[in-house]
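# Structural features, examined
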Amino acid sequence: MATMHVDRAGPGPLPRLRLVALAGRALGAVPPPVHVLAGILSVQLGAGLAKLLFSTVGSMGAVALRLFFAALVLLLVWRPSVRMGRRAWAVVVGYGVVLGAMNMCFYLALERAPLGIVVTIEFLGPLAVAIGGSRRLLDGLWALLAAGGVVLLAEGRGDVELAGILLALAAAACWAGYILLSAALGRHTADGGGLALGMVLAAVVAVPVGVVDGGTALLEPWVLLAGLGVALLSSVIVYSLELEALRRMPPKVFGVLMSLEPAVAVLVGLVILGEVLGSVQWLAVSLVVAASVGATRMARPEI
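All of the points below concern the structure found in this document. As the structure is a computational prediction, the values presented were derived from the model and not from experiment.

Per the secondary structure count, the chain includes 12 helices and zero strands. Overall, the chain shows an N-to-C arrangement of helices and strands of α-α-α-α-α-α-α-α-α-α-α-α. Every one of the 303 residues in the chain was classed for burial, and the buried ones make up 49%. Counted over contacts in the chain with a minimum sequence separation of 6, partners at least 24 positions apart contribute 90%.

Encoded structure:
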């Protein structure tokens, strides 16, 4: 799946683990653009590793492993308090359910379509949030450009199932909701506690389905180790890299660099999974990337 784009909460107490502080110092010596690109590569490698698990535990089993270990790590790091108001809990529950649904739709789509195509379609979610409600002609152009890319993917899909495209669109819709709920989460919770609790609820949503899909294979030691790797690559590592980058570079530059994610997904799919896209599919990916870059670069500054 594309990067999770976590809640960017303001400064607050650091997690209790000394390793986190040491990692932060090491990250501080690396240029911010490298953080962003490394985060993109990390999340796509995580998706590629997860897809390799499909033949053993199924797509839902891979989701269960990812969310279970991500929740476990975040709980250990943040040790969140459950003492919150009713409104805060409503946001956390909504966030967790959407997060779980987004991952399930993404992995189900990944079972039916190449990684690069799924990530490209899913990227319509943040793009819709970026230009949603705008009446500017230019933003309409970016929307049409992205829509044209999806049409090309649908028309020239080759062996890609239509269900895969529809599931990727569902993941995109969930991602849009996730972004909006992330902002609300930052307003109603402190530090990463809301994120950790939301991840736990996402795991509660996905793990029962994953257990049915994966069965006893989920308990194989190498599967558990691979699942931990997926969680670290797709969640924990990328969160740290993105947060460090956002502290040291303008959000608009960050957004432009993030627009490269579909292209990186195509390359990871090619190298790790042997997924080769045709020329029409490459053109479609390029249209979505161009739309995302354009919408980010030309966005009006927030007041």
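If you walk through the whole model with that rule in mind, you get five aromatic pairs. Aromatic side chains Phe 68 and Phe 69 sit 5.2 Å apart centroid to centroid with 75° between the ring planes, which places their arrangement in the edge-to-face category. Residue Phe 68 is classed as partly exposed on the basis of its relative accessible area, which comes to 44%. Residue class for Phe 69 comes out buried when judged on its relative accessible area of 12%. Pairing Phe 123 with Trp 175 gives two aromatic rings, centres 5.7 Å apart and planes at 75°, and the pair type is edge-to-face. Of the two residues, Phe 123 is situated in the loop between helix 4 (115-122) and helix 5 (124-131) and Trp 175 in helix 7 (residues 162-188); the sequence distance between them amounts to 52 residues.

Once that is clear, we can look at the environment of Val 151. Within the secondary structure, Val 151 sits in helix 6 (residues 137-155). Between the alpha carbons of Val 151 and Ala 284 there is a distance of 8.0 Å; along the sequence they are 133 residues apart.

Of all hydrophobic cores here, the largest spans 74 residues; its most connected members are Val 36, Val 57, Phe 106, Tyr 107, Leu 115 and Met 199. Residue contributions to this core peak at 17 residues, all from helix 2 (residues 32-78). Dropping the residues within four chain positions of it, Val 57 is found in contact with Ala 62, Leu 65, Asp 213, Gly 214, Ala 217, Leu 218 and Val 223. Judged by nonpolar contacts, the second largest core, of nine residues, contains Leu 124, Leu 127, Ala 291 and Ala 295.

Attention now goes to a nonpolar patch on the surface. On the surface, Leu 52, Leu 267, Leu 270, Val 271, Ile 272, Val 276 and Trp 282 cluster together into a nonpolar patch covering about 670 Å² of accessible area. Its place among the elements puts Ile 272 in helix 11 (residues 261-273). Ile 272 gets classed as partly exposed once you look at its relative accessible area, which sits at 39%.

Turning to its location among the elements, Gly 116 is positioned in helix 4. If we skip the residues at most four places from it in the chain, Gly 116 touches Ala 265 and Val 266.

Within the secondary structure layout, Glu 275 lies in the loop between helix 11 and helix 12 (279-297). Filtering out sequence-adjacent residues up to four positions away, Glu 275 remains in contact with Lys 51, Ala 113, Pro 114, Leu 115, Gly 269 and Leu 270.

Definitions and limits used
- Residues numbered from 1 in each chain as written.
- Predicted model: local features only at pLDDT ≥ 70, side-chain atom pairs only at ≥ 80, totals over all residues.
- Heavy atoms only, no water.
- Helix = DSSP H or I, 4+ residues; strand = E, 2+ residues; numbered from the N terminus.
- Buried < 20%, exposed > 50% of the residue type's maximum accessible area, 1.4 Å probe, protein only.
- Contact = heavy atoms within 4.5 Å.
- Phe/Tyr/Trp six-rings, centres within 6.5 Å; stacked < 30°, edge-to-face > 60°.
- Core = buried A, V, L, I, M, F, W, Y, C linked by side-chain atoms within 4.5 Å.
- Patch = residues over 30% accessible without salt bridge, like charges linked within 9 Å, V, L, I, M, F, W, Y side chains within 5 Å.
- Areas by Shrake-Rupley, 256 points an atom, 1.4 Å probe, with all protein chains shown as cover.
- Salt bridge = Lys/Arg side-chain N within 4 Å of Asp/Glu carboxyl O.

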